[in-house]
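Overview (structure and organization)
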Protein chains: 2
Amino acid sequence: MATYKAPLDSTLFLLNEVLGYPRLLNLPGFAEAGPDMAAAILDEGARLAEEVLAPLNRVGDIEGCTRGADGSVTTPAGFRAAYDQFAAGGWIGLSGDPAYGGQGLPYVLSAAMNEYVTSANMAFGMYPGLTQGAIAALTLHGSEEQKRLYLPKLMSGEWAGTMNLTEPQAGTDVGLIRTRATPHDDGSFAISGSKIFISSGEHDLTPNIVHLVLARIDGAPEGTKGISLFVVPKFVPASDGSPGARNAVACGALETKMGIHGNATCVMNYDGAMGWLVGERDKGLRAMFTMMNEARLGVGIQGLALSEVAYQNAAIYARERRQGRALTGAKDAAAAADPILVHPDIRRTLLTIRGFNIAARALILDTALAADIAHRSPDAAARQAADDRLGLLTPVVKGVLTDRGFDNTVAAQQVWGGHGYIAENGMEQFVRDARIAQIYEGANGIQALDLVGRKLPKDGGRAVTAFFKEVGTFIAENGSGDMAPFVKPLKTGLDHLQQATMWFMANALAKPDNAGAGATDYMHLFGLVALGHLWARIALASAGKPERAADLIAGRAFMERAMPETALRLARVTTGADTVMAMPAEAF
Amino acid sequence: MATYKAPLDSTLFLLNEVLGYPRLLNLPGFAEAGPDMAAAILDEGARLAEEVLAPLNRVGDIEGCTRGADGSVTTPAGFRAAYDQFAAGGWIGLSGDPAYGGQGLPYVLSAAMNEYVTSANMAFGMYPGLTQGAIAALTLHGSEEQKRLYLPKLMSGEWAGTMNLTEPQAGTDVGLIRTRATPHDDGSFAISGSKIFISSGEHDLTPNIVHLVLARIDGAPEGTKGISLFVVPKFVPASDGSPGARNAVACGALETKMGIHGNATCVMNYDGAMGWLVGERDKGLRAMFTMMNEARLGVGIQGLALSEVAYQNAAIYARERRQGRALTGAKDAAAAADPILVHPDIRRTLLTIRGFNIAARALILDTALAADIAHRSPDAAARQAADDRLGLLTPVVKGVLTDRGFDNTVAAQQVWGGHGYIAENGMEQFVRDARIAQIYEGANGIQALDLVGRKLPKDGGRAVTAFFKEVGTFIAENGSGDMAPFVKPLKTGLDHLQQATMWFMANALAKPDNAGAGATDYMHLFGLVALGHLWARIALASAGKPERAADLIAGRAFMERAMPETALRLARVTTGADTVMAMPAEAF
């Protein structure tokens, strides 16, 4: 049975001593959560994750969700009580707008807590996670009336939320959406159509569920320019917020899937359901995109979270499992065998995972802080710089952390040998659960295209130029002495990243396929440089602190073994598209 | 629903035009299976895999095996009828010794068929696969009486076989085995103990099951030097071969596991079961090892087989699924969207998988031919050279093909987007099934240690020296013209491999941990060179053959995108063990 301990010490060190959290207390909401208060909040969250959510992870996988003949969905045993506790703790509206019932605390604390929740029980965490997505959409685009009606109930967790985008024929290509919205005289709409892959689409955790739905108003233009966003509550609330009539939306089926069994992945059928336009007509896609950063950051967190919990359980096993002897002779001659942790191959596996986890956590927190600054800073220039950073790093966080996070769950499972393949030990569930994060919220190939095709050229390359400058300045100022093992591979990585960027400029404008063929490798190259940069910053902040020595070893392992991959990624980028485009379609 | 088409054309081209099969017809058994006959045999096998086994793959995953209260095990619906057909086709004893009922045909044909069977239905294929393992053990080490008693029934498939090694405390470290063998006066033994993870341990496919069991004779030395191999039939046959009394061996439980649900993975309890020594007393481990090459080659085939079937289904989906438009403008303007195959990122994914598959198939067939030559050649020098090659390549085939094969199933699943995560589409089953091949028959970290610690230094490095010479000679003779895109990256790869080998010689003798920390990367570096070498040989044989043009594009994609990884692997090898060994055990 897998266990979990939230890495509170790591989070707080990164926040306070690496990322400068204490210098941001002038931002709205930060003063209420200074370092001591932040520690107290996260400590409470850590215990909730460890003691309440983690014990339900395996039962959620085994039981899954069940759909009744009436379309109702029952979540696994224990989920409902845990949800009540989670909601009562105020976690859902932690960083929400205080005007509508939120606590207004820094978003970065929500992000940190999100890691713990997801490590403990990813399928569970998706219920409040989707609610937070709905909160973000309504906060940014809802009318004052909609905000008053829905946000307090969502922030408190009394009601839950969902996001309804995908249809059978419309996944990546949202422009193919067919769900229709027919106007009623009173300004509301009748929503009809079928959505698939709807996480948390129906369940028994809350008495009401607020669906945010992309649909096409009758007569709207084809493609992405004719899509609008609607709010469609399961029970239509009266204006005083009391639950009203059952709306014509129902779960038509539950998907049987590889993992996250504890989350209800629903086919949602809308049969003339009452819906209300959120934001501007035909601008629904833009509304979705503005909240996408936060959702994608959340998925990136899933990559880290599964990697972390898989590491912890692999390390425990490697300390306890005894097989064979150290290559240098028996380490525990009195016992029948040494712990497998004596083997360099096991240590290499564990330390490269751990080295990733710490830098990935720093990257998550750094990006979440950028979101806080972008939304809350009184300084327009600071807001813009943070927003640039957030936009640039979001596809990297989503794509790279979920790809490497999945690989790490596989590597951690391998440490368990045959026992890792057995369900009751929990390691194979981490692999199955982590897998979805590479796919949803825009498959990672789409993240790579977003980075290369949109984020790089945006505003004349302002965001990427600032990123290169920041990393370059750090290298110039910190390259010597004890920092060399960190800064040297970082410098090589930055050189490779800049070469790859220039290669795109020289070769992809005229031939866009060159960008498409190299996008995934470029994204991973970017991710390595971002993670390497954070390791260098962590190393700088760790100097002279013996309590950080163990993590620094993991950091060195990461710099030695992960960073050389930047050369491989550059080589692949500069290979171009000619070979892959040469194959006739019918020959595949 | 996934489909499968056996790559018969690829197999025959590789055999006949790349690997020189027609020049080996002087070997015993080969004359009976010249190119035309080999094609006819494999064509029949292909149809069996496609039409009988593939349709049962998903039902096997859903139903799994069930254990009755009496310890009996029922296989999924349809498995028994398929097994009867498979056995009746003579596939199990295809390359077995004709003196005991085998057909004596080349082992390479069994290996080729094994790929098809495994692509179609890996869990099913493990039933006859384990029988073939038992056949190999008895053929090599059984007494004349044991061979007469068991081999004909096993070759015909009338009875099935298993291999019983692992115990809860003894996985990689076979020396920790506790199962006891107490001598009876008549020369038989009473076997008592419990084995776990026993594939095909109990089932309803055959009326008898012949277990090969590692156990320790009372009073035998501790560790690996006191282990003996026994044959323990479920029903003890009379000397005329008729089934006799039920033996005291039973399936105590079925494991619930990540994949290969259609195969019964059993806890096997021996309670004073009648067993007979196979081979010499206390030399059981040696007996196991001599048959390990074949078993590990079989697991390597699983890596290729799952990669191949996953590729096929990803390619079909990419041709049919329409989302978005080509980066260079609509390719099918009349339709609402282009097939996703227009996207370079999808093509890159598919072609690197396909490029791997073809070279991996060549490597499997090449290694299987080495086994044939090692066992059948009248020329002692040829036998030795082939045996060297077989021993050297076996850990590479097992470790590299299963690691990359698994990664390829994940990449192929990614092509399907969200639909790849849904069970009914079959892509996620390939991932779950492929995962075990990295673990069993010696986890891949063990393969890497076998390569670095045993196979490299063996006989003064004779095998690896011959391999380097063979590849170097090929490069020297074929480096120019159209061959340059293949030979240039191969030359770089060989340079890196030789540098890594020299680094071990200089740094690992005094500090064995340096070998341990670099072993996995070295194995993958070796694998890339072996695969790159085969691609160069394939390219040479493909010159002037338009029907091979499509595969050659996949080959170029492999050379461009996979081979640059050799530099990364070398960089990691030369990093050494200092960092990973610096971490105190309690700090993990």
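With that settled, the discussion passes to the relation of the copies chain B and chain A. Of the two same-sequence chains, chain B is brought onto chain A (RMSD 0.0 Å, axial shift 0.0 Å) by a rotation of 180°. Such values leave the two copies arranged in the relation of a two-fold axis. By C-alpha distance to the rotation axis, the residue of chain B lying nearest is L568 of chain B, at 3.3 Å.

Right, let's talk about the pattern of salt bridges for a bit. A full pass over the atoms with the stated rule returns 65 salt bridges over all chains. A salt bridge links D388 of chain B to R462 of chain B, with the shortest nitrogen-to-oxygen separation between them at 2.8 Å. Placement of the pair is D388 of chain B in helix α9 (residues 380–415) and R462 of chain B in helix α12 (residues 458–478), with a sequence separation of 74 residues. With a relative accessible area of 11%, D388 of chain B lands in the buried category. R404 of chain B is the partner of E565 of chain B in a salt bridge, and the nearest nitrogen-oxygen pair spans 3.4 Å. Highlighted residues: E565 of chain B in helix α16 (residues 565–573) and R404 of chain B in helix α9, separated in sequence by 161 residues. For E565 of chain B, a relative accessible area of 7% puts it in the buried group. The exposure class assigned to R404 of chain B is buried, which follows from its relative accessible area of 13%. Ionic contacts of the salt-bridge type, sharing partners, join the residues R404, D521, R561, E565, R569 and R572 of chain A together with R404, D521, R561, E565, R569 and R572 of chain B into one network.

If you look at the interface, chain B gives 85 residues, while chain A gives 85 residues. Buried area between chain B and chain A, both sides added, is near 7500 Å², and the carbon and sulfur share of it is 61%. Three residues, Y421, R561 and F588 of chain B, lead the burial of chain B against chain A; their summed loss comes to 13% of the area buried on that side. Our count for the contact surface shared by chain B and chain A stands at 4 salt bridges. Where E565 of chain A meets R572 of chain B, a salt bridge forms, and the shortest distance between an N and an O atom there is 3.8 Å. Linking chain B with chain A are 46 residue pairs in polar contact (both at pLDDT 80 or more), by the criterion used here. Per-element tally for the side of chain B that touches chain A: the top contributor is helix α8 (residues 344–376) of chain B, with 7 residues.

Y522 of chain A together with Y522 of chain B are the most contacted members of the largest nonpolar core, which totals 410 residues. With residues near it in sequence (within four places) discarded, Y522 of chain B still touches L451, V452, L456, F468, L497, A500, T501, F504 and V573 of chain B.

In the structure shown here, the tally under the stated rule is 27 aromatic pairs over all chains. The interplanar angle of 15° and the centroid separation of 4.2 Å between the aromatic rings of Y317 of chain A and W416 of chain A together place this pair among those described as stacked. Here the residue Y317 of chain A occupies a position in helix α7 (residues 284–320), and W416 of chain A occupies one in the loop between α9 (380–415) and α10 (427–437), the gap between them amounting to 99 residues. You'll find Y317 of chain A and W416 of chain A in the same group, each marked buried. The interplanar angle of 25° and the centroid separation of 4.8 Å between the aromatic rings of F467 of chain B and F526 of chain B together place this pair among those described as stacked. Note that F467 of chain B is positioned in helix α12 and F526 of chain B in helix α14 (residues 512–542), a separation of 59 residues in sequence. As far as the burial class goes, F467 of chain B and F526 of chain B line up, both buried. Each member of the aromatic cluster is reached from another via a ring pair, and the members are F467, F468, W503, F504, Y522 and F526 of chain A. Taking the ring centre of F235 of chain B as reference, the NZ or CZ of R246 of chain B above it sits at 5.5 Å. Above the plane of the ring of F13 of chain B lies R548 of chain B, whose end atom (NZ or CZ) is 3.9 Å from the centre.

With that settled, consider the domain arrangement of chain A. All names here are of chain A. In terms of domain boundaries, chain A breaks down into domain 1 (8–68 + 75–153), domain 2 (160–283) and domain 3 (443–576). Relative to domain 2, the C-alpha centre of domain 1 lies at a distance of 24 Å. Listed as interface residues are 28 residues of domain 1 and, on the opposing side, 31 residues of domain 2. Of the roughly 2500 Å² buried where domain 1 meets domain 2, counting both sides, 67% is carbon and sulfur surface.

Reading the values: the criteria
- For every chain, the first residue of its written sequence is number 1, and the numbers climb from 1 along that sequence.
- Chains carry letters from A onward and ligands carry numbers from 1 onward, assigned in written order.
- Note on the predicted model: pLDDT of at least 70 is required for a residue's local features to be given, and 80 or more for side-chain atom pairs to be given and counted; whole-chain, interface and lining totals, by contrast, use all residues.
- The basis for the side-chain values is all heavy atoms of the structure; hydrogens and waters are excluded.
- Least squares is used to superpose the copies, and the fit set is the C-alpha atoms of residues whose pLDDT is at least 70 in both copies.
- By convention in these notes, a salt bridge is any Lys or Arg side-chain nitrogen within 4 Å of a carboxyl oxygen on Asp or Glu.
- Helix and strand definitions here come from DSSP, where helices need a minimum of 4 consecutive H or I residues and strands a minimum of 2 consecutive E residues; each element is numbered from the N-terminal end.
- Each residue gets one of three labels from its accessible area relative to the maximum for its type: buried under 20%, exposed over 50%, partly exposed in between, using a 1.4 Å probe on protein chains only.
- Contact definition: two residues touch when any of their heavy atoms are within 4.5 Å.
- When two components associate, each loses some accessible surface as probed by a 1.4 Å sphere; the sum of these losses over both components is called the buried area.
- Nitrogen and oxygen atoms within 3.5 Å of one another constitute a polar contact, given that in protein one can donate a hydrogen and the other can accept it, and given that sequence-neighbouring residues count only through two side-chain atoms.
- The set of buried Ala, Val, Leu, Ile, Met, Phe, Trp, Tyr and Cys residues whose side-chain atoms join them within 4.5 Å is what this entry labels a nonpolar core.
- In this scheme Phe, Tyr and Trp rings, the latter by its six-membered ring, pair at centre separations within 6.5 Å, and the angle between planes marks the pair as stacked below 30 degrees, edge-to-face above 60, and tilted otherwise.
- Here, a charge over a ring means that NZ of Lys or CZ of Arg falls within 6 Å of the ring centre while also lying within 35 degrees of the ring normal.
- Just so you know, the domain bounds were taken from an automatic or database domain assignment.

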